[in-house]
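# Summary of structural features
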Amino acid sequence: GAVVSQHPSWVICKSGTSVKIECRSLDFQATTMFWYRQFPKQSLMLMATSNEGSKATYEQGVEKDKFLINHASLTLSTLTVTSAHPEDSSFYICSARDASGDTDTQYFGPGTRLTVL
Amino acid sequence: GNSVTQMEGPVTLSEEAFLTINCTYTATGYPSLFWYVQYPGEGLQLLLKATKADDKGSNKGFEATYRKETTSFHLEKGSVQVSDSAVYFCALIGTNAGKSTFGDGTTLTVKP
């Protein structure tokens, strides 16, 4: 099946620093990628939709200046958490949309655990 | 808007027991339906999917049938194993630019 990678798998940073998370589709091209946040024992919360070559679309309540998204190529989207604070600590998961063929499926990365001290 | 309602957990079963996790949905048109599995500390893995009414998705002994008349996509497995312990998410993709709508997840624990 399709493979999506994320890097890093975990990161610990100091409050006030910025952290970049990469999401790559390894064996297919994804014009659309999604970024989610997951709190312990909860479902996924969609943060934004990342479209290749255009601006990301953010969900209501998500600060676009804090969570910068760039989708520079058909296989790479990045999420930068700017001026991170402890409340930004969470599990961030990306997915890549494969709309080729006759089905529309999202494939998920393994997630990135962010801890802000 | 679209919504997915999953059976509340947690669910605890003995090894080799029969598993059912209920999932119902609300959506306009004809969504595609999915089950994902999440192991501790990991992302979501696609378990199975169905794209039209009466389709049956199956993988690793798990099955789910797309029932449009009851708007359901219940997950079943005839004989669970300890390694099936995980969180299971039901999801749909509607017509809104490929966005997924997820259920709240059901935690399954299988005891030997």
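Our structure's up above, just so we're on the same page.
Report follows, based on the coordinates. (Residues numbered from 1 in each chain as written. Chains lettered and ligands numbered in written order. Predicted model: local features only at pLDDT ≥ 70, side-chain atom pairs only at ≥ 80, totals over all residues. Heavy atoms only, no water.)

### Points about a nonpolar patch on the surface
On the surface, W10(A), I12(A) and L117(A) cluster together to form a nonpolar patch covering roughly 390 Å² of accessible area. Note on placement: W10(A) falls in strand 2 (residues 10–13). (Patch = residues over 30% accessible without salt bridge, like charges linked within 9 Å, V, L, I, M, F, W, Y side chains within 5 Å. Areas by Shrake-Rupley, 256 points an atom, 1.4 Å probe, with all protein chains shown as cover. Salt bridge = Lys/Arg side-chain N within 4 Å of Asp/Glu carboxyl O. Helix = DSSP H or I, 4+ residues; strand = E, 2+ residues; numbered from the N terminus.)

### Things to note about unusual backbone geometry
In this model, H7(A) is joined to P8(A) through a cis peptide bond whose omega is 0°. Inspection of the secondary structure puts P8(A) in the loop between strand 1 (4–7) and strand 2. With an omega of -5°, the peptide bond running from G9(B) to P10(B) counts as cis. Considering the arrangement of structural elements, one finds P10(B) in the loop between strand 1 (3–6) and strand 2 (11–14). Located in the positive-phi region is E16(B), a residue other than glycine, with phi close to 75°. For E16(B), the position within the fold is in the loop between strand 2 and strand 3 (19–21). Take E16(B): its relative accessible area is 61%, and that puts it in the exposed class. Its identity is not glycine, yet K60(B) carries a phi of approximately 55°, on the positive side. Mapped onto the elements, K60(B) comes out in the loop between strand 7 (56–59) and strand 8 (62–65). Using a relative accessible area of 57% as the deciding quantity, one classes K60(B) as exposed. (Buried < 20%, exposed > 50% of the residue type's maximum accessible area, 1.4 Å probe, protein only.)

### Side note on the pattern of salt bridges
Here the structure, examined in full by the defined rule, presents 7 salt bridges over all chains. The residue K99(B) makes a salt bridge to E59(A) at a minimum N-O spacing of 2.8 Å. With K99(B) in the loop between strand 10 (86–93) and strand 11 (100–102) and E59(A) in the loop between strand 6 (57–58) and strand 7 (67–73), the pair connects residues from two separate chains. A residue is classified by how much of its surface remains accessible, and K99(B), at 22% relative accessible area, is partly exposed. Note on E59(A): relative accessible area 23%, which makes it partly exposed.

### Quick look at the sheet that holds strand 9 (residues 75–77) of chain B
Residues and elements named next belong to chain B. Ordered in space as 3-9-8-7, the 4 strands form an open sheet in which the pairing is antiparallel. Looking along the sheet, the strands with just one partner apiece sit at the ends: strand 3 and strand 7. Strand-to-strand twist across the sheet, computed as the mean angle between neighbouring axes with direction ignored, equals 15°. Direction of pairing for strand 7 relative to strand 8: antiparallel, over a ladder of 4 bridges. Of the residues in strand 8, the one forming a bridge with G57 is A64. (Pairing = 2+ DSSP bridges. Axes fitted to C-alpha atoms, helices over the stretch in contact; angles between N-to-C directions.)

### Examining the interface of chain A and chain B
Contacts between the two partners involve 21 residues from chain A, matched on the other side by 19 residues from chain B. Of the roughly 1,500 Å² buried between chain A and chain B on both sides combined, carbon and sulfur atoms contribute 55%. One can count 1 salt bridge joining chain A with chain B. If one sorts the elements of the side of chain A that touches chain B by residue count, strand 10 (residues 105–108) of chain A sits on top with 4 residues. Its residues assigned to classes, the side of chain A that touches chain B comprises 9 nonpolar, 9 polar and 3 charged. (Contact = heavy atoms within 4.5 Å. Buried area = accessible area lost by both parts, 1.4 Å probe. Nonpolar A, V, L, I, M, F, W, Y, C, P; charged D, E, K, R; others polar.)

### Describing the state of the cysteines
Enumeration according to the criterion identifies 2 disulfides over all chains in this entry. There is a disulfide in this structure between C23(A) and C94(A), and the S-S distance comes to 2.0 Å. Judged by the sign of its S-S torsion, about 80°, the bond between C23(A) and C94(A) is right-handed. Taken together, the positions of C23(A) in strand 3 (residues 19–25) and C94(A) in strand 9 (residues 90–98) put the pair 71 residues apart, joining distant regions of the chain. Accessibility classification places C23(A) together with C94(A) in one group, the buried group. A disulfide bridge connects C23(B) with C90(B), and the sulfur atoms are separated by 2.0 Å. (Disulfide = S-S within 2.5 Å.)

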